[in-house]
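Reading the structure
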Amino acid sequence: MRYEDIYRRSIEQPEEFWAEAAQAIHWHKPPQKILEYDKPPFRRWFVGGETNLCYNAVDRHLAERADQLALVALSSETGVTRELTYAELHREVNAFAAVLKSLDVGRGDRVVIYMPNMAEAVFAMLACARIGAIHSVVFGGFAAHNLALRIDDARPKLLIAADAGSRGGKIIPYKPMVDAACAEATHAPPKVLLVSRGLDAAQPRIEGRDVDYAQLRAQVGDAEVPVEWLESNEPSYLLYTSGTTGKPKGVQRDVGGYAVAMAQSMRTVFDCAPDQVMFSTSDVGWAVGHSYNVYGPLIGGCTSLLYEGLPTNPDPGIWWALCEQYGVRTMFSSPTAIRVLKKHDVDFIRRHDVAQLKYLFLAGEPLDEPTATWINGALGKPVIDNYWQTETGWPALTLLPGVEMKPVKFGSPGFPNLGYRMKVIDEQSGAEVAPGQKGVLVIQPPLPPGCMSTVWNDDARFLQSYFSHFKELLYSSLDWAIRDEEGYTFILGRTDDVINVAGHRLGTREIEEVISGHPGVAEAAVIGMHDELKGQVPVVFATMKVAPQDPAGTALALQKCVADQLGAVARPAHVYIVNALPKTRSGKLLRRSLQALAERRDPGDLSTLDDPGALEEIRRVLGR
Ligand code: ATP
Ligand code: MG
């Protein structure tokens, strides 16, 4: 099969293409119409079709693979491993659904899930899907204020929370944060369902509001709860974006289009067949966790590995030990995580037999070439960069080894995924730019199945955030890109990350690549700082693998590296060597805050900031 042929068909005959793809899932009632596009850019896929995500992820497999492992949830924090077959997963999801029903949760009700990577988080999501409730998973590492904001936006009927999370052996009780969030929120849920792992026993209960999962689970026994058949375009779940550029947006996903996208991508993108094992290292609270820890692998009849813990605990080989133990075929992680491993001896990876591993996919932020080359060398397997967003729900740019394995080009996430009509256009004129020229990456609507339907409760924000940037109606989250002669797309960063030095436009990523190429550097963030003379100048913040003996000398060496490789115009005005860089909880660099501090402005919305200490250090070195 040639990628070009299939891709062209997906673009030129989308209705035929997606009608065929839709056969990969179970429909209670087949769709009447494949695509409805009478109110652009809003579109509806598989109109009139009735299906259910939980049915497709669980029940559907019982006939053929009841005894196959569906979910392996391992925690290096608690030392607990849970292995569930499809039959066992079916039982637990039904029980969870029965508990939800007993709490009067039903179709269309929102349920906020505030849990770490544990089996019950998956049961809770699938149980919601089963009864038509709309889940909104909030990353367990978020504090009370973030939780309160999401509660007020989603207005849930129920909040499901774990007793505690654990990070590097440190127990983080959730209950105090739940209580604080409910106190802060205007639309606090009437009921809170607590799932205890025995990590934090001393949790005072609030009479009339708090209920205990173990107790209710015992009451419902092995109850079976019928599947609620939903129209393809009803909401399945809400998920908030990472908040790298500002206030997070509540992405709303549908049912049928998402199920089809998941089934299709497991084959075409991830090349993972039923029976095979997929290991995604994401947290269930992120888009990758939703799509490739839960819905994708389960809809695909695969075994999904869910891991709670640091990638370095008990040692930096843990992920590869798991690959060996479970015979993982497809692995999915992020560049940030690989950069953590890169600080350690490559032998931690090499000592494991990962013969069954076929691919490592990485997504979420630019994959710098030194990191890609390092992990590729350590594993001896293809490392596939893929580009997507919470909004798209599945890869937009990627290689598709399940269709045709094209050569990897480091620095590029490859080609448009099937159904994605992507272009690189000139910011001003809106015309497509020539190969090799920089421009803004856009998707021509209608967005393919799987992508967001709208912003929850806010169609106006959907239009304004994504479709209002150009004269033509085009979707864009304002990433800056280049497409080469062979059609490979390179992401240069966000358009607001572009630095304009005396009329020369430089992507922050280009400079970061050079800095990270220096053997002593662990990670780098580059920003453009206002300059009277040149408009803007590049400023570098870098962390080193080991603290340098001579920081001033190192800074000079880094400035020279950039000038040598990219020209004098790109030479950083300042290089700051720091211990940590400010990141969002999902591991993305908060360049906008660095830039604001450098320019003596307010650092903006910091609700998704991971480690406040990192920003404090930046303030110190900048003297702010
Ligand atoms: P917000 O939209 O709230 O500001 P965010 O854009 O970081 O936050 P996500 O949906 O988690 O939220 O991230 C999507 C963005 O991450 C993309 O728009 C892009 O900027 C970046 N990204 C994702 N994958 C890649 C990749 N493979 N290469 C380069 N950049 C990537
Ligand atoms: Mg975004």
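Residues numbered from 1 in each chain as written. Chains lettered and ligands numbered in written order. Predicted model: local features only at pLDDT ≥ 70, side-chain atom pairs only at ≥ 80, totals over all residues. Heavy atoms only, no water.

Defined as follows: UniProt positions are given in the numbering used here, feature names are shortened, and annotations may be inferred rather than shown by experiment.
Per an unreviewed UniProt entry, the protein is named Propionate--CoA ligase, and its organism is Stenotrophomonas panacihumi. Turning to the protein, the UniProt record has this under Sequence similarities (unreviewed entry): "Belongs to the ATP-dependent AMP-binding enzyme family."

Section: the overall build of the protein
Stated precisely, the cut-off is as follows: Where helices and strands are cited, they refer to DSSP runs of H or I of at least four residues and of E of at least two residues respectively, numbered from the N terminus. The size measure is the radius of gyration over C-alpha atoms, and the globule rule it meets is 2.2 Å times the number of residues to the 0.38 power. Under the scheme applied here, a residue whose accessible area is under 20% of the maximum for its type counts as buried, over 50% as exposed, and between as partly exposed, the area being computed with a 1.4 Å probe on protein chains only. Here the accessible surface of atoms and residues is derived via Shrake-Rupley with a 1.4 Å probe, and residues count as covered only by protein chains that are part of the display. Neither His nor the chain ends is counted toward charge; the positive residues are Lys and Arg and the negative residues Asp and Glu. By convention, the charge on Lys lies at NZ, on Arg at CZ, on Asp at CG and on Glu at CD.
What the protein contains, in helices and strands, is 20 helices and 32 strands. For the protein, the C-alpha radius of gyration of 24 Å lies close to 25 Å, the compact-globule estimate for 624 residues. Each principal axis of the C-alpha distribution contributes one length, and for the protein these read about 70 × 60 × 50 Å. When the 624 residues of the protein are sorted by exposure, 62% land in the buried category. Here the protein has roughly 23000 Å² of accessible surface; of this, 50% comes from carbon and sulfur atoms. Taken together, the 64 basic and 76 acidic charged side chains of the protein have centroids lying 2 Å from each other.

Some words on unusual backbone geometry
Along the chain, Pro 40 connects to Pro 41 via a cis peptide bond; the corresponding omega equals 0 degrees. Within the element layout of this structure, Pro 41 appears in the loop between strand 1 (33-39) and strand 2 (42-47). A cis amide bond links Pro 445 to the next residue, Pro 446, at an omega of 0 degrees. Relative to the elements of secondary structure, Pro 446 occurs in the loop between strand 24 (438-443) and strand 25 (454-455). The backbone of Arg 155 shows a phi angle near 50 degrees, a positive value even though the residue is not glycine. Among the secondary structure elements, Arg 155 is positioned in the loop between helix 7 (144-154) and strand 8 (158-162). On the basis of relative accessibility, which here comes to 46%, the residue Arg 155 falls in the partly exposed class. A positive phi angle, close to 60 degrees, is found at Arg 600, a residue other than glycine. Along the chain, Arg 600 turns up in the loop between helix 19 (591-598) and helix 20 (612-622).

What to know about the UniProt feature "domain: AMP-binding enzyme C-terminal" (unreviewed entry) in the protein
Listed under "domain: AMP-binding enzyme C-terminal" (unreviewed entry) in the UniProt record, and renumbered for this structure, are residues 510-588. Summarising residues 510-588: 30% helix, 32% strand, and an end-to-end C-alpha distance of 17 Å.

A few points about the domain arrangement of the protein
Where we set the bar: Each domain span listed reflects an automatic or database assignment of domains. We call two residues in contact whenever any of their non-hydrogen atoms come within 4.5 Å of each other. Summed over both partners, the accessible surface that disappears when two parts come together, traced with a 1.4 Å probe, is what is meant by buried area.
For the protein, the assigned domains read domain 1 (3-478) and domain 2 (497-623). Distance between the C-alpha centres of domain 1 and domain 2: 31 Å. Taken together, the contact between domain 1 and domain 2 spans 28 residues of the former and 23 residues of the latter. Between domain 1 and domain 2, a total of about 2100 Å² is buried, with carbon and sulfur atoms accounting for 47% of that surface.

Focus on the nonpolar core
Spelled out, the test is: What makes a nonpolar core is a set of buried Ala, Val, Leu, Ile, Met, Phe, Trp, Tyr and Cys residues whose side-chain atoms join them at distances within 4.5 Å.
Membership of the largest hydrophobic core comes to 141 residues, with the highest contact counts inside it found for Leu 126, Ile 160, Leu 193 and Tyr 295. Judged by nonpolar contacts, the second largest core, of 30 residues, contains Phe 279, Val 328, Val 354 and Leu 362.

Some points on the UniProt feature "domain: Acetyl-coenzyme A synthetase N-terminal" (unreviewed entry) in the protein
Within this structure's numbering, the places UniProt gives as "domain: Acetyl-coenzyme A synthetase N-terminal" (unreviewed entry) are residues 3-57. In residues 3-57, the share of helix is 42% and the share of strand is 27%. The end C-alpha atoms are 27 Å apart.

Digging into the pattern of salt bridges
Any two side chains of opposite charge can pair, so long as their charged atoms come close to each other. Under the convention used in this document: Take a side-chain nitrogen of Lys or Arg and a carboxyl oxygen of Asp or Glu: if they are within 4 Å of each other, that pair is a salt bridge.
For the structure shown, the criterion picks out 39 salt bridges. We note a salt bridge from Asp 5 to Arg 2, for which the minimum N-O separation is 3.4 Å. Linked through salt bridges whose partners overlap, the residues forming this network are Arg 2, Glu 4, Asp 5, Arg 8, Glu 404 and Lys 406.

Notes on the packing of helix 6 (residues 119-131) against helix 11 (residues 287-299)
Quick reminder of the rule: Orientation is described by lines fitted to C-alpha atoms, with helices fitted over the stretch in contact, and by angles between N-to-C directions that extend from 0 to 180 degrees. By definition in this entry, angles of less than 35 degrees are roughly parallel, angles greater than 145 are roughly antiparallel, angles of 65 to 115 are roughly perpendicular, and the rest are oblique. Crossings are assigned a handedness: left-handed for a near helix turned anticlockwise from the far helix by less than a right angle, right-handed for a clockwise turn. Side-chain classes follow a simple rule in which Ala, Val, Leu, Ile, Met, Phe, Trp, Tyr, Cys and Pro form the nonpolar group, Asp, Glu, Lys and Arg form the charged group, and the remainder, Gly included, forms the polar group.
Two elements in contact, helix 6 and helix 11, have axes whose closest approach is 11 Å; the angle formed by their N-to-C orientations is 60 degrees. If you check the angle between helix 6 and helix 11, you find them oblique. Considering the relative orientation of helix 6 and helix 11, their crossing is right-handed. Between helix 6 and helix 11, the contacting residues are Val 122, Met 125, Leu 126 and Ala 129 on the first element and His 290, Val 294, Tyr 295 and Leu 298 on the second. Residue classes in the contact of helix 6 with helix 11 are distributed as seven nonpolar, one polar and no charged.

Description of the sheet that holds strand 12 (residues 210-212)
What counts is decided by this rule: Here, strands pair whenever DSSP counts at least two bridges between them.
One open sheet holds the eight strands; their spatial order is 12-11-8-6-7-14-15-25, and the pairing between them is mixed. The open sheet has two edge strands, strand 12 and strand 25, and neither has a second partner. Pairing geometry for strand 11 (residues 191-195) and strand 12, over three bridges, is parallel. Among the inter-strand pairings, Val 192 is bridged to a residue of strand 12, identified as Asp 210.

Notes on the side chain of Asn 293
Condition: As used in this structure description, the phrase polar contact means that two N or O atoms lie within 3.5 Å; if the pair is within protein, one of them must be able to donate a hydrogen and the other to accept it, and residues adjacent in sequence are counted only when both atoms belong to side chains.
Here Asn 293 is to be found in helix 11. Residue class for Asn 293 comes out buried when judged on its relative accessible area of 0%. Looking at Asn 293, its side chain comes within polar contact range of the side chain of Ser 280, at 2.9 Å. When residues no more than four places from it in sequence are discounted, the contact partners of Asn 293 are Ser 280, Ser 282, Val 288, Ser 304, Leu 305 and Leu 306.

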